[in-house]
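For reference, the chains in residue letters:
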Amino acid sequence: MFAEVGRWLEARTSLSGDWPPEAVTAAKGDHRVSVVLPARNEESTVGKIVGRIRRDLQERLPLVDELVVVDSHSHDATARRAADAGARVVFQNAPLPGYGAMTGKGDALWKALAVTTGDVVVFVDADLRDFSSRFVTGLLGPLLSDPSVAYVKGCYDRPLTEGAVSRPHAGGRVTELVARPLINLHWPELAGFRQPLAGEYAGRRATLERIPFVTGYGVELGLLIDLLGLVGLDALAQVDLGVRAHSHQTLDALGQMAAHIMLTAWTRLERQGRVPASALPYHEILQFPTAGDDRRPRVSDVSVHERPPLITVPEYVEGLRPGPEPE
Ligand SMILES: O=c1ccn([C@@H]2O[C@H](COP(=O)(O)OP(=O)(O)O[C@H]3O[C@H](CO)[C@@H](O)[C@H](O)[C@H]3O)[C@@H](O)[C@H]2O)c(=O)[nH]1
Ligand SMILES: O=C(O)[C@H](O)COP(=O)(O)O
């Protein structure tokens, strides 16, 4: 099995430096490129990322046609910062109102896919602290230059930064302790993805609209597993984007994220007939808070919900794409 992974790594891994922005722009041809940033309370970073993409990939080079920030129920100035920097802001509940309101990152991405128009869509997290537009050009390189590639995932080194101290390679705790072991045990073909939970990836609309989106943090794992089934490993690629620094969540929040990842894996095992539907895991977890004064156990709902493939949504197929109305 790992021989196949080795062959794939050799054939399908590149470096962002392999894809100079000018060459990627030249390869764009008739493609239309949308960039989407899902953002929940990211007022401190979203404007800088949008501004960088605008300057480098819209004003200096004609690479990005559409730049959208999905405001994912923020309580801060995320929407204003994003709009001021030049993005079109879509509130998560606005598109496809007939499908009910939901929360979560995966739901934000599904809504973004519904309202954007690019045939190639790039997703970038809005909490990146050292964003470079090479993240976008690196992800676009393989897609725009090779029609057999359907989806490109970013990978990088991940420091763990606490205050002034930054430990190289110590970040990505859910990735290393949960996601990668799960993938190796159940979908070893995907073991070559260094950062399976990376929020930076790009895909062809024609592919993305054919798969479901888990609404919460399971979205990345769900996409990888479902894409493997839909298009096969050779249509997937990864690009090394260098180093990625972001704002870290609390250990308690990461525990909930880990549960989302495990439940998402379970839904795929069940769908693939590898575990019985009757063995549905419990959907709540009890945690002992690791921060603050109140250390009493707390229960969190970690249920995993899902949006259907957009190609099955009549309003989407008929092109009735709602605009960015306020929530
Ligand atoms: O309800 C939400 C939660 C998060 N986000 C945004 O999604 C991005 C990533 O969220 P974050 O909470 O920073 O996730 P991480 O702790 O960085 O988690 C990693 O692992 C997750 C699980 O796979 C992935 O979704 C993330 O992209 C990846 O960076 C950020 O722009 C958030 O603002 C939303 O839009 N809506
Ligand atoms: O991707 C992950 O594993 C989680 O987002 C945790 O990342 P961190 O350990 O860098 O906070």
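Quick caveat, the model's predicted, so the values are computed rather than measured. (Residues numbered from 1 in each chain as written. Chains lettered and ligands numbered in written order. Predicted model: local features only at pLDDT ≥ 70, side-chain atom pairs only at ≥ 80, totals over all residues. Heavy atoms only, no water.)

### Observations regarding the environment of Phe-91
One can find Phe-91 in strand 4 (residues 88-91). Counting along the chain gives 41 residues from Phe-91 to Ser-132, while the straight-line C-alpha distance between them is 25 Å. (Helix = DSSP H or I, 4+ residues; strand = E, 2+ residues; numbered from the N terminus.)

### Describing the confidence of the model for the protein
Of all residues in the protein, 98% have pLDDT values of 70 or greater, and the mean over the chain is 95. Note that pLDDT drops below 50 for residues 321-327; the model gives that stretch 23 contacts with residues more than four away or on any other chain. Across the interface, the model reports ipTM at 0.98; the global pTM reads 0.96. (pLDDT = per-residue confidence, 0-100. Contact = heavy atoms within 4.5 Å.)

### Side note on the UniProt feature "domain: Glycosyltransferase 2-like" (unreviewed entry) in the protein
UniProt feature "domain: Glycosyltransferase 2-like" (unreviewed entry): in the numbering of this structure it lies at residues 34-158. Strand forms 22% of residues 34-158 and helix 36%; the C-alpha atoms that close the span are 26 Å apart. (UniProt positions renumbered as here; feature names shortened; annotations may be inferred.)

### Topic: helix 3 (residues 46-59)
Side chains of residues three or four places apart in an α-helix project in the same direction, reflecting 3.6 residues per turn. An ideal rise of 1.5 Å per residue puts 20 Å on 14 residues; helix 3 measures up with 18 Å between its terminal C-alpha atoms. Of the residues making up helix 3, those classed as buried are Val-46, Gly-47, Ile-49, Val-50, Gly-51, Ile-53, Asp-56 and Leu-57. The inward-facing, buried residues of helix 3 abut strand 2 (33-39), strand 3 (66-71), helix 4 (78-85) and helix 6 (134-145). (Expected span 1.5 Å × (residues − 1). Buried < 20%, exposed > 50% of the residue type's maximum accessible area, 1.4 Å probe, protein only.)

### Side note on the nonpolar core
In this structure, Tyr-151, Val-174, Leu-190, Phe-213, Leu-223, Ile-261 and Leu-310 are the most contacted members of the largest nonpolar core, which totals 47 residues. At the level of elements, strand 3, helix 5 (105-115), strand 5 (120-123), helix 7 (173-186), helix 9 (219-231) and helix 10 (251-271) are the ones that each hand at least two residues to this core. Residues within four places of Val-174 in sequence aside, it is in contact with Ala-179, Leu-197, Leu-254, Met-257, Ala-258 and Ile-261. Val-69, Val-136, Leu-139 and Leu-143 belong to the second-largest nonpolar core, a separate cluster that totals 39 residues. (Core = buried A, V, L, I, M, F, W, Y, C linked by side-chain atoms within 4.5 Å.)

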